[in-house]
Amino acid sequence: MSKNIALKEYQKLSIQISLNGLSFYSQDTIHNTTSDIETFDFSKKTSKPLGEQLESIFSDSVFTKNYDSVNIIHENSLFCPVPTPLFDKDNISEYLKFSTKILPLDQYKIDVIQNHNIHNVYITDSVITEKCDSYFEECTHTHSSSILISVLLNISKNSYETQFFVHVKKEHFEIIVINRGKLLLINSFQHTCKEDFLYYTLFVAEQLGLNPEKFQLYFFGAIRPEDELHSIAYKYVRHVYLLDENSCNSKMLDLKYGDCLKHFTLINS
């Protein structure tokens, strides 16, 4: 990517990266239209390390254009939201040590979730961070959970009902529970089958004292009504919905509803 950003290009690039793959979305910020949106999977059959796979993807012409802003979204389970009054930047590792194995070279980052009094502490993969910082001189970093928290709290600000959101990805999902504009829980769970998903969903509901006959479950992410996760949830939870199009696409972008569901964090970054 060219390092010269002096001239305004009116193009924005968002890249979401996990250890399994990468998605990107580029946008014309004048017309609020999509320039490109695509997903790359990291190959598990190659001996190439992660850094080389990233370099190969970044050689694509879409990444060599000039952008006014580049946002790197880190997608992993190594995060912990902290109420701002309890946050102490001098003891940042303390927030993650009970849920995550801390390694000496781990890199900590902090997202301040504006208007909600939350600091989100997270760990980034050093290879991903260094490759992005060297390739995109002016990039910013955000955790995918910070986007989920911010956008869903905004969506729910006028609701008096408990809302149970499930963000589905290929090998994991996040559960976000909000009540009267307050975040009750956000956590990430691995799943290999629909029974894993059902167990964690009902367990979270039980721990929060939520009645499956009453709370509202909203799916979004890589999910369709005919998918098995949706079907099995519908057997045990009375009120199951897909997140509506306006909530998925709050910026009114020129994307199909399915793409808005699938790429929720990417387009809302």
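Preceding this section is the structure that the text describes.
Residues numbered from 1 in each chain as written. Predicted model: local features only at pLDDT ≥ 70, side-chain atom pairs only at ≥ 80, totals over all residues. Heavy atoms only, no water.

### A word on the side chain of threonine 129
For threonine 129, the position within the fold is in helix H2 (residues 126–135). With relative accessibility at 2%, the residue threonine 129 sits in the buried group. Side chain to side chain, threonine 129 and threonine 124 meet in a polar contact 2.9 Å long. Leave out the neighbours within four places in its chain, and threonine 129 touches His74, Gln107, Lys109, Thr124 and His141. (Helix = DSSP H or I, 4+ residues; strand = E, 2+ residues; numbered from the N terminus. Buried < 20%, exposed > 50% of the residue type's maximum accessible area, 1.4 Å probe, protein only. Polar contact = N/O pair within 3.5 Å; in protein donor to acceptor, adjacent residues only side chain to side chain. Contact = heavy atoms within 4.5 Å.)

### Considerations on the packing of aromatic side chains
Applying the stated criterion to the full structure yields 18 aromatic pairs. Consider the rings of phenylalanine 197 and phenylalanine 219, whose centres lie 5.7 Å apart with planes at 35°: the pair is tilted. Placement of phenylalanine 197 in helix H4 (residues 194–207) and of phenylalanine 219 in strand S12 (residues 216–221) is noted, with a sequence separation of 22 residues between them. Considered together, phenylalanine 197 and phenylalanine 219 belong to a single accessibility category, that of buried residues. Taken together, Phe173, Phe189, Phe197, Tyr199, Tyr200, Phe203 and Phe219 form an aromatic cluster joined through their ring pairs. (Phe/Tyr/Trp six-rings, centres within 6.5 Å; stacked < 30°, edge-to-face > 60°.)

### As for the packing of helix H1 (residues 50–58) against H2
What describes two packed helices is the angle between their axes and the distance between those same axes. For the pair H1 and H2, the least separation of the axes is 10 Å and the interaxial angle reads 35°. Of the two possible hands of crossing, H1 and H2 adopt the one that is right-handed. Listed contacts from H2 to Leu50, Gly51, Leu54, Glu55 and Phe58 of H1 are Val127, Ile128, Lys131, Cys132 and Tyr135. Taken together, the residues of the contact of H1 with H2 break down into seven nonpolar, one polar and two charged. (Axes fitted to C-alpha atoms, helices over the stretch in contact; angles between N-to-C directions. Left-handed = near helix turned anticlockwise from the far one by under 90°. Nonpolar A, V, L, I, M, F, W, Y, C, P; charged D, E, K, R; others polar.)

### Some remarks on the sheet that holds strand S8 (residues 139–143)
Across the sheet, which stays open at both edges, the five strands sit in the order S3-S2-S1-S4-S8 with mixed pairing between neighbours. The outermost strands of the open sheet, each flanked by one partner alone, are strand S3 (33–41) and S8. When the angles between neighbouring strand axes are averaged without regard to direction, this sheet yields 15°. Its contacts with the sheet place H1 against strand S1 (11–17), strand S2 (21–28) and S3, and it is angled at close to 30° to S2. (Pairing = 2+ DSSP bridges.)

### Quick word on the pattern of salt bridges
For the structure shown, the criterion picks out eight salt bridges. Between lysine 131 and glutamate 55 there is a salt bridge, with the nearest N and O atoms lying 2.2 Å from each other. Of this pair, lysine 131 sits in helix H2 while glutamate 55 sits in helix H1, placing them 76 residues apart in sequence. Judged by relative accessible area, glutamate 55 falls into the partly exposed class, the value being 43%. Bridged by salt links that share partners, the residues Arg224, Glu226 and Asp227 form one connected network. (Salt bridge = Lys/Arg side-chain N within 4 Å of Asp/Glu carboxyl O.)

### Regarding the nonpolar core
With 27 residues, the main nonpolar core has Leu152, Phe165, Ile176, Phe220, Leu243 and Phe264 as its most contacted residues. Among the elements of the structure, strand S7 (118–124), helix H3 (144–155), strand S10 (172–179), S12, helix H7 (257–262) and helix H8 (264–267) are those that each provide at least two residues to this core. Among the elements that make up this core, the one with the highest residue count is H3 (six residues). Among residues more than four places away in sequence, those in contact with phenylalanine 264 are Leu148, Val151, Leu152, Ile155, Phe220, Leu243, Ser247 and Cys248. Formed by 21 residues, the second largest nonpolar core is a distinct cluster that contains Phe164, Phe173, Leu210 and Leu229. (Core = buried A, V, L, I, M, F, W, Y, C linked by side-chain atoms within 4.5 Å.)

### Digging into the sheet that holds S10
Taken together, the five strands give an open sheet; going across it, the order is S11-S10-S9-S12-S13, and neighbouring strands pair in mixed fashion. On the outer flanks of this sheet lie strand S11 (182–190) and strand S13 (239–242), each paired with one strand and no other. Between one strand axis and the next, the sheet turns through 20° on average, direction left out of account. Of the pairings in the sheet, the one linking strand S9 (residues 162–168) to S12 comprises six bridges and is parallel in character. Counterpart to phenylalanine 164 in the pairing with S12 is leucine 217. Set on the sheet, helix H5 (residues 228–236) makes contact with S9, S12 and S13; between it and S13 the angle comes to about 155°.

### Brief notes about H4
Note on helix geometry: an α-helix contains 3.6 residues per turn, so any two residues three or four positions apart are oriented the same way. Spanning 14 residues, H4 covers 20 Å between terminal C-alpha atoms, matching the ideal 20 Å at 1.5 Å per step. Residues of H4 that are buried include every one of Phe197, Leu198, Thr201, Val204 and Ala205, and no others. The arc enclosing the buried residues of H4, seen along the axis, measures out at 140°, which places them on a common side. Those residues of H4 that are exposed and aimed more than 90 degrees away from the buried face are Tyr199, Glu206 and Gln207. Structurally, H4 contributes buried residues whose contacts are with S9, S10, S11, S12 and H5. Of the residues trailing H4, glycine 209 is marked for its positive phi of about 70°. (Expected span 1.5 Å × (residues − 1). Arc of directions from axis to C-beta.)

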